[in-house]
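Each chain, written out:
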2 protein chains.
Amino acid sequence: MNEVRVFAPNTISNVGCGYDVLGFPLEGLGDEVLVSRRNDSSLVIKEITGADLPINTEKNVATVAIQALLNALDENKGFNISIKKSIPPGSGLGSSACSSVGAVYAVNELLNKPFSRKELVPFAMEGERSSSGQAHADNVAPSMLGGFTIIRSYNPLDIFTIPFPEELLTVVIYPKVEVKTEYAKKILPTEISLKDGIQQWGNMAGLISGLMSNDFDRIGRSLTDSVAVPVRKKLIPHYDEVEEAAMKNRAIGFTISGSGPTTFAFANDSETAEKIRSSCHSVYEKNGIEVLSFVSKINTQGAHIL
Amino acid sequence: MNEVRVFAPNTISNVGCGYDVLGFPLEGLGDEVLVSRRNDSSLVIKEITGADLPINTEKNVATVAIQALLNALDENKGFNISIKKSIPPGSGLGSSACSSVGAVYAVNELLNKPFSRKELVPFAMEGERSSSGQAHADNVAPSMLGGFTIIRSYNPLDIFTIPFPEELLTVVIYPKVEVKTEYAKKILPTEISLKDGIQQWGNMAGLISGLMSNDFDRIGRSLTDSVAVPVRKKLIPHYDEVEEAAMKNRAIGFTISGSGPTTFAFANDSETAEKIRSSCHSVYEKNGIEVLSFVSKINTQGAHIL
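So, how was this worked out
Every chain is numbered independently, its residues counted from 1 as its sequence is written. As they are written, the chains are lettered A onward and the ligands numbered 1 onward, keeping that order. Restriction of local features to residues with pLDDT of at least 70 applies here, the model being predicted, together with a cutoff of 80 or more for giving and counting side-chain atom pairs; totals for whole chains, interfaces and linings are based on all residues. We call two residues in contact when their backbone-placed C-beta atoms lie within 7 Å. We count a stretch as a helix when DSSP gives it H or I for four or more residues in a row; a strand needs E for two or more, and each element gets its number in order from the N terminus. DSSP bridges decide pairing: two strands pair if at least two such bridges lie between them. The quantity known as pLDDT measures the predictor's confidence residue by residue, on a range of 0 to 100. Where helices are involved, their axes are fitted lines through C-alpha atoms of the stretch in contact, as for all axes, and angles between N-to-C directions lie from 0 to 180°. The copies were overlaid with a least-squares fit restricted to C-alpha atoms from residues scoring a pLDDT of at least 70 in each copy. Each residue is classed by its C-beta neighbour count within 10 Å, where at least 20 other C-beta atoms makes it buried, 12 or fewer makes it exposed, and intermediate counts make it partly exposed; the C-beta atoms are placed from backbone geometry. Angles below 35 degrees are treated as roughly parallel, those above 145 as roughly antiparallel, those between 65 and 115 as roughly perpendicular, and all remaining angles as oblique. Two helices that cross are described as forming a left-handed crossing if the nearer one is turned anticlockwise from the farther one by less than a right angle, and a right-handed crossing if clockwise. Any residue outside Ala, Val, Leu, Ile, Met, Phe, Trp, Tyr, Cys, Pro, Asp, Glu, Lys and Arg is labelled polar, Gly included; the first ten of those are nonpolar and the last four are charged. The domain boundaries here were taken from an automatic or database domain assignment.

Engineer: Explain the interface of chain A and chain B to me, please; I cannot follow it from the model alone.
Structural biologist: Accessible area lost when the parts come together is the quantity often used to give the size of an interface. Taken residue by residue, the interface counts 35 residues in chain A and 35 residues in chain B. For the side of chain A that touches chain B, the element with the most residues is helix α6 (residues 194–212) of chain A, which contributes 14 residues. The pairing of strand β8 (residues 191–193) of chain A with strand β8 (residues 191–193) of chain B spans three bridges and is antiparallel. Bridge pairing in β8 of chain B links Ser193 of chain A to Glu191 of chain B.

Engineer: Would you explain the confidence of the model for chain A in this entry?
Structural biologist: Do not read the fine detail of predicted coordinates wherever pLDDT is low. The pLDDT averaged across chain A works out to 96; a share of 100% of its residues lies at or above 70. Quick note on the complex model: pTM equals 0.97, ipTM equals 0.96.

Engineer: What is the right way to read the sheet that holds strand β7 (residues 169–175) of chain A from this model?
Structural biologist: Whether parallel or antiparallel, the strands of a sheet pair through hydrogen bonds between backbone atoms. All names here are of chain A. If you trace the four strands from one edge of the open sheet to the other, you get β9-β10-β7-β11, paired in antiparallel fashion. Each end of this open sheet is capped by a strand with a single partner; those strands are β9 (253–256) and β11 (291–297). Taking the axes of each pair of neighbouring strands and ignoring which way they run, one obtains an average angle of 20° across the sheet. Strand direction decides the pairing type here: β7 and strand β10 (residues 263–267), joined by five bridges, are antiparallel.

Engineer: Explain the relation of the copies chain A and chain B to me, please; I cannot follow it from the model alone.
Structural biologist: Each copy of the sequence occupies a distinct position, and chain A is placed on chain B by a rotation of 180° and an axial shift of 0.0 Å, giving an RMSD of 0.0 Å. In the structure described here, the two chain copies are related by an operation that fits a two-fold rotation axis. The rotation axis passes nearest to the C-alpha of Trp201 of chain A in chain A, at a distance of 2.4 Å. The fraction of interface residues of chain A whose copies in chain B are also interface residues reaches 100%, indicating that both copies meet through the same surface.

Engineer: Would you mind going over unusual backbone geometry with me for this structure?
Structural biologist: Most of the time, phi is negative for any residue but glycine, and the peptide bond is trans. All names here are of chain A. A cis amide bond, omega 5°, links Asn155 with the succeeding residue Pro156. One can find Pro156 in the loop between β5 (148–154) and β6 (157–162). Positive phi is not limited to glycine here, since Asn112 has a value of about 70°. In this structure Asn112 comes out as exposed when scored by C-beta crowding, with 7 C-beta atoms within 10 Å.

Engineer: Explanation requested: the packing of helix α1 (residues 61–73) of chain A against helix α3 (residues 117–132) of chain A in the structure shown.
Structural biologist: In a packed pair of helices, the relevant descriptors are the angle between the two axes and the axis-to-axis distance. Residue and element names in this part refer to chain A. Orientation of α1 relative to α3, taken along the N-to-C sense of each, is 135°, at an axis distance of 7 Å. When the interaxial angle is binned, α1 and α3 end up oblique. Seen from above, α1 lies across α3 with right-handed handedness. Residues Val61, Ala62, Val64, Ala65, Ala68, Leu69 and Ala72 of α1 lie in contact with α3, whose contacting residues are Phe123, Ala124, Glu126, Gly127, Ser130 and Ser131. Per-class residue counts for the contact of α1 with α3 are nine nonpolar, three polar and one charged.

Engineer: When you look at the sheet that holds strand β7 (residues 169–175) of chain B in this model, what are you seeing that I'm missing?
Structural biologist: All names here are of chain B. Pairing is antiparallel in the open sheet, where four strands are placed in the order β9-β10-β7-β11. Only two strands of the sheet have a single partner each, and these edge strands are β9 (253–256) and β11 (291–297). This sheet shows a mean twist of 20° between the axes of neighbouring strands, independent of strand direction.

Engineer: Where do I start with the domain arrangement of chain A in this structure?
Structural biologist: All names here are of chain A. Domains assigned within chain A are domain 1 (3–162) and domain 2 (169–297). Each of domain 1 and domain 2 has a C-alpha centre, and these two points are 24 Å apart. Each side of the interface is counted separately: domain 1 has 19 residues, and domain 2 has 33 residues. For the side of domain 1 that touches domain 2, the secondary structure elements donating two or more residues are β1 (3–13) and β2 (22–37). The element best represented in the side of domain 1 that touches domain 2 is β2, accounting for three residues. Grouping the amino acids of the side of domain 1 that touches domain 2 by side-chain chemistry returns seven nonpolar, eleven polar and one charged.

Right under this line is the structure:
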């Protein structure tokens, strides 16, 4: 095999009370990464479509991630990389993570799988470090593994997936305004009250047990965040209005995806999901803001060869 | 029915990362509360054995809890109450909660069950408020309901139980030194770093999913606390030594019960549990500290009539 084309899904991270800890991938939305062998030992980005991103291999997340993988193997091989991006960075849908994940997954295939999926996560995290300054895993891990993913600990890295209700649908609302992840990080408090903390881990206990026991009411009651959402929702135009539209149309819950501006709602049947989608979409349309909205299941496949 | 004798189990609360949110009851250890009707409308504490506690009905947690129940019903009935306490207050095993729970459960029976178990919890919480100044639910709820219990939210009160591995055993180590709950609360920080918070809800996700999927390793990795244990372990004599003894003997995890001085370990077979118990017990014995230690399953029955 000299060439491989990989799909890596976009992801929703944080998921209410799960700041920096939870994430899941979407279906049908993600980056395509084409990687082929070279005869020399260089990494070359041939083309990036769908977003204006650096082709400098020391700055592009995909090549930074590949280089981390090659360093771990002490390999000197070279590759050409082409990336077809689904969504530009700053959407809150883990755009940079898709490219890093697709790139290391593809190179691992071309090298005859020296690493398992889980073992590839830290290399993709190096891509995240290069783009945001922090090696977050809450987008790369779910994009790589598929399924509802928990990053219990970063040091040591402890990542696993949990069962969730098959019927669970995600309504994604992406208004095309940019929220810089870096800025969205900067406005977060570095300290929280113990009281807010207790609420947060209480909700985490509710969300995880709700997902694992198919209790949609409990999932909904638990999908709140005492830490990031109260601050970040101010960066998202019409947040309260969109939330109200979703909840009025019987969403199970509603919150921010990643650091925004994308928001999402959970629903448990496709008719309700479609009503939520169209009512939230309308809020932005009425206000003259370009918006992408769709309904997706939670992707269980993760990165895969096309 | 003019008289009823109720057993309400002692409990372990907090459970590592679950400060103020998690708790479970033990088997074979708890208060016996005997309640009988009176012809007048007064509450009278006839006898308390096993601990030196106020028989003043405005100060005793049992009668405070009963009064809260009677107020909710606008009832004027009177009762005699006798309490046989298993363990004195200040043990970290929810001693006051047992009495409140037993008392309201018994009165509810004598009144032909106007309330469900869950509905009784807020009355028992009033007992907690009178003894500690805060209406905590993390001891009363598990003692009342039985099983591994989550208090997701206090306002509104949202309480439920989750499945856990049948083989799970708790090794309880109670050194007979008093730790005042009030003081153990006072030394806690009112603010925590966001970093510690992320660790805490990451561990909560790990603990709940580990319990619900019978993953003992994950339960063990998640049974840590970034908030209370680092401060409170200093109030518990020989904490590090006891922890070391437990972990050396293959405990799944080890932490403080409630606000201490009781500690506990999880194990998944009785032979291992007995080794852990005897090695932890020895640490205190060697140091001339009186200690009660035993192995218990998680009680699934909660309060019940004897």
